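# Observations on chain architecture
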Amino acid sequence: MADGKLGLNTQLAHIGNNPRDFFGFVNPPVVHASTVLYPDAKTMSERNQKYTYGTRGTPTTDALANAINELEGSAGTIVVPSGLAAVTVPLLSFLAAGDHILLVDSVYGPTRHFADTMLTRLGVQVEYYEPHIGAGITGLLRPNTKVVFTESPGSNTFEVQDIPAIAKAARVAGAIVMMDNTWATPLYFRPLDHGVDISIHAATKYPAGHSDVLIGTVSANETHWKALYEGFVTLGTCSGPDDVYQTLRGLRTMGVRLERHQKSTLEIAAWLEGQKGVARVLHPGLPSHPDHALWKRDFTGSSGIFSIVLDGGGKPQAHAFLDALQTFGLGYSWGGFESLAVQVFLGDRTIAKGQYEGPLLRLQIGLEDVDDLKADLTRGLNAAAAAGA
Ligand SMILES: *Cc1c(COP(=O)(O)O)cnc(C)c1O
């Protein structure tokens, strides 16, 4: 239905399923399925029909996968049971013992844990690179480098990577480029348009959007789609139909939700820059951010998560800040309708440790009224100051 000329919100309202396939009902059915029946023995032996078994896809998973393909410009998309599975399934699908992988040092923590434990145990050589490496990645590429794993902006510290430069260098060396694009969503960055082969999303965040679903999507270009789907089927990592349906429902409003997240977040981030007790605000959409120009070149918007650095102090001040909050919840994950805060841990970083003036606090700005959120953050900053920040 979407042809790329339509606006994003128009696309979001119509992509994925064709109501005429199901008697005109606007939404696709939630197909609960393991067994699919065949009309006769010949068809069964040849598996010669559209759907063959629940793990391989249903009209419900197709509706979501088709919608994501429209947004990503991808040849195919798999839907998996969490954002973390959206990271691990493509890695397991493409890597073998003896291969080398390069991962950005500001990668999502559990991605690092997977690389350091399971990939290492399987005989993959794991190496991290500095987020600003750009075309310099050429110096780290080896004949056996199979995958370059990117994430931009980086988790918690929000460094923007030069994805086109990295993708170009990796392609010359014959390495597959994967990108965890959870922060921007395909509305604000389309990885495949910038040379990435595999685009990864924790759809748990903005697509699902209501803090009640765990789900991931992985989208591949034409060259890598077959191998990705083969890995997905081999691993059996299909998602439950209710979660898939809820994500398709979330997608319909993702555009308007993101506009609100973006606006409130930029307003609060800019305001925080002028507040006493804040040393720095790490949000690439702010002109003060060192990677702002790169972000502006490649991204068409920003989402609702960023970090602040307190002006001195440590854990006691960070805890005082968090404990004073009344509207912000203390919790992991993000992308839902509610605001959240968490102290960031950088102890597992090997390169991108940063030189920060004080503790780092990550904020997810929800859909609440900005004035209430500012009042809550003021409570936090006052408490941190009272604790001696
Ligand atoms: C949250 C997150 C994930 C993992 O998603 P889950 O659904 O929580 O497993 C992966 N990558 C990034 C960047 C994330 O923020």
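It should be noted that the structure appears before, not after, this text.
Cut-off values and rules
- Residues numbered from 1 in each chain as written.
- Predicted model: local features only at pLDDT ≥ 70, side-chain atom pairs only at ≥ 80, totals over all residues.
- Heavy atoms only, no water.
- Helix = DSSP H or I, 4+ residues; strand = E, 2+ residues; numbered from the N terminus.
- Buried < 20%, exposed > 50% of the residue type's maximum accessible area, 1.4 Å probe, protein only.
- Contact = heavy atoms within 4.5 Å.
- Areas by Shrake-Rupley, 256 points an atom, 1.4 Å probe, with all protein chains shown as cover.
- Axes fitted to C-alpha atoms, helices over the stretch in contact; angles between N-to-C directions.
- Left-handed = near helix turned anticlockwise from the far one by under 90°.
- Nonpolar A, V, L, I, M, F, W, Y, C, P; charged D, E, K, R; others polar.
- Expected span 1.5 Å × (residues − 1).
- Bend = angle between axes of the 7 residues up to and from the residue.
- Near = heavy atom within 4 Å.
- Polar contact = N/O pair within 3.5 Å; in protein donor to acceptor, adjacent residues only side chain to side chain.
- Pairing = 2+ DSSP bridges.
- Core = buried A, V, L, I, M, F, W, Y, C linked by side-chain atoms within 4.5 Å.
- Domains from an automatic or database assignment.
- Patch = residues over 30% accessible without salt bridge, like charges linked within 9 Å, V, L, I, M, F, W, Y side chains within 5 Å.
- Salt bridge = Lys/Arg side-chain N within 4 Å of Asp/Glu carboxyl O.

Quick look at the overall build of the protein now. Along the protein, the regular secondary structure elements total 12 helices and 12 strands. For the protein, the C-alpha atoms occupy an extent of roughly 75 × 50 × 35 Å along the three principal directions. Here the protein holds 389 residues, and 54% of them are scored as buried. Residue pairs in contact within the protein that sit at least 24 positions apart in sequence constitute 73% of those at least 6 positions apart. Of the roughly 16600 Å² of accessible surface on the protein, a fraction of 54% belongs to carbon and sulfur atoms.

A word on the packing of helix α3 (residues 59–72) against helix α9 (residues 241–273). Axis angle and axis distance: for two packed helices, these are the angle between their axes and the distance between the axes, and together they describe the pair. Between α3 and α9, the least distance of the axes is 9 Å, while the angle of their chain directions is 35°. With respect to the hand of their crossing, α3 and α9 are arranged in left-handed fashion. When α3 is examined against α9, the residues T60, T61, A63, L64, A67, I68 and L71 are found in contact with a partner set consisting of P241, V244, Y245, T247, L248 and L251. Looking at the contact of α3 with α9, its residues break down into 10 nonpolar, 3 polar and no charged.

A rise of 1.5 Å per residue sets the reference length of helix α5 (residues 109–121), with its 13 residues, at 18 Å; its end C-alpha atoms lie 18 Å apart and thus fit the reference within 8%. Largest kink in α5: about 30°, centred on A115. Residues of α5 that are buried include every one of T111, R112, F114, A115 and L119, and no others. Of the surrounding secondary structure, the elements contacted by the buried residues of α5 are α4 (83–94), β2 (100–104), β3 (125–129) and β4 (145–151).

Around the ligand lies a shell of 13 residues, among which G83, L84, D180, T204 and K205 are the nearest. Between an oxygen atom of the ligand and a main-chain N or O atom of L84, the distance comes to 2.9 Å. Here T204 contributes a side-chain N or O atom positioned 2.6 Å from an oxygen atom of the ligand. Its free accessible area being 380 Å², the ligand has 91% of it covered by the protein chains. Residue composition of the shell around the ligand, grouped by class: 5 nonpolar, 5 polar and 3 charged.

With that settled, the discussion passes to the sheet that holds strand β7 (residues 216–220). Sheets are built from strands paired through backbone hydrogen bonds, the pairs being either parallel or antiparallel. Strand order across the open sheet formed by 7 strands is β1-β7-β6-β5-β4-β2-β3, with mixed pairing between neighbours. In this open sheet, the two strands that pair with only one neighbour each are β1 (76–80) and β3. Within this sheet the neighbouring strands show an average axis-to-axis angle of 20°, counted without direction. Across 5 bridges, the pairing between β1 and β7 is antiparallel. Within the sheet, the bridge partner assigned to T77 lies in β7 and is S219.

Taken together, 5 strands build an open sheet; the order of strands is β8-β9-β12-β11-β10 and the sheet is mixed. What marks the edges here is a single partner per strand, and that holds for β8 (278–282) and β10 (329–330). Where strand β9 (residues 305–310) and strand β12 (residues 360–364) come together, 5 bridges link them in antiparallel fashion. Along β12, the bridge assignment pairs I308 with L361. Its contacts with the sheet place helix α11 (residues 315–324) against β9, β10, β11 (340–343) and β12, and it is angled at close to 165° to β11.

This brings us to the packing of α11 against helix α12 (residues 370–386). Direction vectors running N to C along α11 and α12 enclose 145°, while the axes themselves pass 7 Å from each other. Seen from above, α11 lies across α12 with right-handed handedness. Between α11 and α12, the residues in contact are Q317, A320, F321 and A324 and D376, L377, R379, G380, L381, A383 and A384, respectively. For the contact of α11 with α12, the residue count by class is 7 nonpolar, 2 polar and 2 charged.

Within the largest apolar cluster, 78 residues are counted, with the highest numbers of intra-cluster contacts made by L91, I101, V148, F149, M178 and L251. Each of domain 1 (8–252) and domain 2 (255–388) contributes no fewer than three residues to this core. Each residue touching L251, except ones within four places of it in the same chain, is listed here: L12, L64, A67, I68, L71, P207 and R257. A269, L272, L325 and A341 belong to the second-largest nonpolar core, a separate cluster that totals 23 residues.

We now examine a nonpolar patch on the surface. Side chains of L92, M118, L122 and L235 sit close together on the surface and give an oily, nonpolar patch of about 300 Å² of accessible area. Counting through the fold element by element, M118 comes out in helix α5. Judged by its relative accessible area of 34%, M118 falls in the partly exposed class.

When a strand is regular, its side chains alternate between the sheet's two faces. In terms of burial, β12 is largely enclosed, as 5 of its 5 residues are buried. Burial along β12 is two-sided: L360, R362 and Q364 facing one way and L361 and L363 facing the other are all buried. Pairing between β11 and β12: 4 bridges, direction antiparallel. Its bridge partner being in β12, L340 is matched across the sheet by Q364.

By themselves, these are just geometric observations and shouldn't be taken as functional.
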